[in-house]
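A look at the structure
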Amino acid sequence: MARKGIRKSSAIITVAAAATAENLYLLTVGGAVTRSVILKKIWAYSAIGNCIVTIGTGLAGAFAAIIPPMLVLNGMDNTWTEEDIPEREMFANLTIQSSVLGVQVQVEVEEIGF
């Protein structure tokens, strides 16, 4: 039987520095249960210009991409859904890295382990 989780959304994150990983979604803490997340939806908007956005885990030199980089087109609501995103279950906080600053990103995840 497949495990079911709870759907949660991150806050809208505005990338503050280009080529620097920043927190995107933090796992819920508490209890003795191991929690994981699966990306379900990604929304991104850029008024700065076309850019590349990469979602992964780890900050600074420990950043590792979990899905292929995505092209965010300038001035458009860029949305990827479950059918577009490779299913990866991660046991860590999600982080984001962008080729330019000022990009806005929000994700919806399924958090498992409640």
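Before any of the text, the structure's been laid out above.
Predicted, not measured: the structure shown is a model, and the values here were computed from it.

The rules behind each value
- Throughout this document, residue positions are counted from 1 along each chain, in the order its sequence is written.
- Only residues with pLDDT of 70 or above have their local features reported here, since the model is predicted, and side-chain atom pairs are shown and tallied only from 80 upward, although totals for entire chains, interfaces and linings are computed over all residues.
- Hydrogen atoms and water are omitted, and side-chain values are computed over all heavy atoms in the structure.
- Any carboxyl oxygen of Asp or Glu that lies within 4 Å of a side-chain nitrogen of Lys or Arg is treated as forming a salt bridge with it.
- Secondary structure elements follow DSSP: runs of H or I no shorter than four residues count as helices, runs of E no shorter than two count as strands, and numbering proceeds from the N terminus.
- Think of it in three bands: residues with accessible area under 20% of the maximum for their type are buried, residues over 50% are exposed, and the middle band is partly exposed, with areas taken using a 1.4 Å probe on protein chains only.
- Only heavy atoms enter the contact rule, under which two residues are in contact if any of them lie within 4.5 Å.
- Strands are treated as partners if at least two bridges between them are detected by DSSP.

Another aspect to go through is the pattern of salt bridges. All chains considered together, the criterion is met by 5 salt bridges. Between Arg7 and Glu108 there is a salt bridge, with the nearest N and O atoms lying 2.7 Å from each other. Note that Arg7 is positioned in strand β1 (residues 6-9) and Glu108 in strand β11 (residues 104-112), a separation of 101 residues in sequence. The residue Lys40 makes a salt bridge to Glu82 at a minimum N-O spacing of 3.6 Å. Residue Lys40 is found in strand β4 (residues 36-45), and its partner Glu82 is found in the loop between β8 (78-80) and β9 (89-90); the two are separated by 42 residues along the sequence. For Lys40, a relative accessible area of 8% translates into the label buried. Residues joined in a network through salt bridges with shared partners are Arg7, Lys40, Glu82, Glu108 and Glu110.

Let us now look at the side chain of Thr54. Along the chain, Thr54 falls in strand β5 (residues 51-57). Setting aside anything within four residues of it in sequence, one finds Thr54 in contact with Phe63, Ala65, Ile67, Pro69, Thr95, Ile96 and Gln97.

Let us now look at the pairing of β11. Counting buried positions along β11 yields 7 of 9 residues, so the element is predominantly enclosed. The pairing of β1 with β11 spans 4 bridges and is antiparallel. Paired with Ile6 across the bridge in β11 is Glu111. Pairing between β4 and β11: 9 bridges, direction antiparallel. Looking at the pairing, Ala44 lines up with Val105 of β11.

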